[in-house]
Structures are given as C-alpha cells and as structure tokens.
Amino acid sequence: TGSLNYYGKAITLASLFFTTDDRSYIDSTVISYSSNGNYVVNFTYGEDKNSILYGFTISGLNGVKCINSSSPQILSNIFLTKENWAIRAESSEVIISDNVFDCTDGWLGYCPLWFIEGNPFITGNRIYGVGKLHTHGIVLIDCPASFIANNRITEMDYGIKSEGSSVIMNNFIANCYGVGIACEPQAQLINNTVVNNSSYGVSITGIGGNVTNSIIWGNQFCFNPDDTPE
C-alpha cells in the first residue's frame, strides 16, 4: 500500500508472473493507493524503456503518471483505478502492452489512457466499461505519430479519440455509448472492426481521411455525415 516512484532507475519491478507466466500472480500482487489527485506509480525523472512495470494489479484512484519525457514500459498489468486516469503521459513514448483496464467503477469523465504531446505505443490491451458518459478508452492530444494496434475496447463512451497522424489498426471496438473512433484526417485506420456503437462508427474531423479494409457495422451511423473519408 502506497505510492511508488522509479526516480530515474532502469529497473524492472515485477510480480512473480515475470518468472512463472502464472497469471494468478497478477491478481494476487496488488499495489494500492487512494490519495486524491496522486498516482500509484510515478515515472517523473525521464525514465526510458529500461524502466519496466510488469505483472501487477494497480488499484486506487489514479494509476500511472509519466511526465518529463519519461517513456517506460507498462506490461501485463490489471488496472482497477477510477478517478481520472489509469495511465496519464505527457511528451512520452511510453510502451503499453497486454494490460487489462477494468473501467466498470470509473467515475464520470474517467479515461484509462490519456496522452498529450507524445507518441505512445499501445498494443494488445483490453479496455472495458459500462457505457458511462465521457468515459473514453484512449485519448491522444497533439500526438503526431502514435501506434495503436490489436486492442479490444468495449462499453466505453468513445473508444479512441486521436489528434495527429496515428496509425490505428487491428483494433476491435464495440458497444460504446458514443463513437467508436474519432480522429483527424491524417490518421491511418487499417483493419479495424467497429461494431454496434450507439452513435458513429467512425468520425473524422474535417475533410478527407482514409479507412482501409475495416468492418464498420451495426452502428447508428457508419460515418459522421459531415465527413468525407475515402
């Protein structure tokens, strides 16, 4: 119980899942901290990919903070946080892979993955909620070259909201209260499945944009009618 800071150290902090591949260690090894506005784990000293958080359950209000260009690896964790963010990163190239984000208890406006002015690498994660208003799965603000692939996002408000030239591919987004994918024309949407969302499947801001080899089905509208994607 308490808050952790890596203090710039290139170390791997892991549960016994790291050496055994037994996923029960993820459930049973819990880091918990519930102070308003603070985070369970902090990367604030410019850590790089050699600083790794691996195989924990992260419980509390806010999960992981990455600032000052800190770009660690966050791998195979379960997030049960609920106040503002599970992971919040600024000017970061953080790698986020194979995590589970349980947002069912998220408060109004909760966003498990929130990034500004960085290029995160987000792959193989599971994000799910209960369709609450303003609970967005992945939000990228001024992120020019992010990579979002092979994620499964269900029952949020928006699945993915992206500003910039992100590559968004091989994701499954379903049963969202609002929009499956909202992005700018520079984004590349490839091989995504966007189904059964209560508003638009895809909403592209402005004129243009490309959607390639994707399944967009069962949404209220396939595309925002103000858009003209190709």
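Residues numbered from 1 in each chain as written. Predicted model: local features only at pLDDT ≥ 70, side-chain atom pairs only at ≥ 80, totals over all residues. Heavy atoms only, no water.

Chemist: What is the right way to read the sheet that holds strand β18 (residues 152–154) from this model?
Modeler: Pairing between sheet strands relies on hydrogen bonds along the backbone, with the strands arranged either parallel or antiparallel. Strand order in the open sheet formed by 9 strands is β3-β6-β9-β12-β15-β18-β21-β24-β27, with parallel pairing between adjacent strands. Two strands bound the open sheet, and with one partner strand each, they are β3 (30–33) and β27 (215–217). Strand-to-strand twist in this sheet, taken as the mean axis angle between neighbours without regard to direction, amounts to 10°. Alignment of β18 against strand β21 (residues 172–174), held across 3 bridges, turns out to be parallel. Within β21, the position partnered with I153 by the bridge is I173. (Pairing = 2+ DSSP bridges. Helix = DSSP H or I, 4+ residues; strand = E, 2+ residues; numbered from the N terminus. Axes fitted to C-alpha atoms, helices over the stretch in contact; angles between N-to-C directions.)

Chemist: Would you mind showing me how to read the environment of P112 here?
Modeler: Mapped onto the elements, P112 comes out in strand β13 (residues 111–116). Of the residues examined, P112 reaches a relative accessible area of 0% and is grouped as buried. A sequence separation of 24 residues divides P112 from R88, and the C-alpha atoms of the two residues are 8.0 Å apart. Setting aside residues no more than four positions away along its own chain, P112 makes contact with W85, A86, I87, F101, C103, I127, H136, G137 and M156. (Buried < 20%, exposed > 50% of the residue type's maximum accessible area, 1.4 Å probe, protein only. Contact = heavy atoms within 4.5 Å.)

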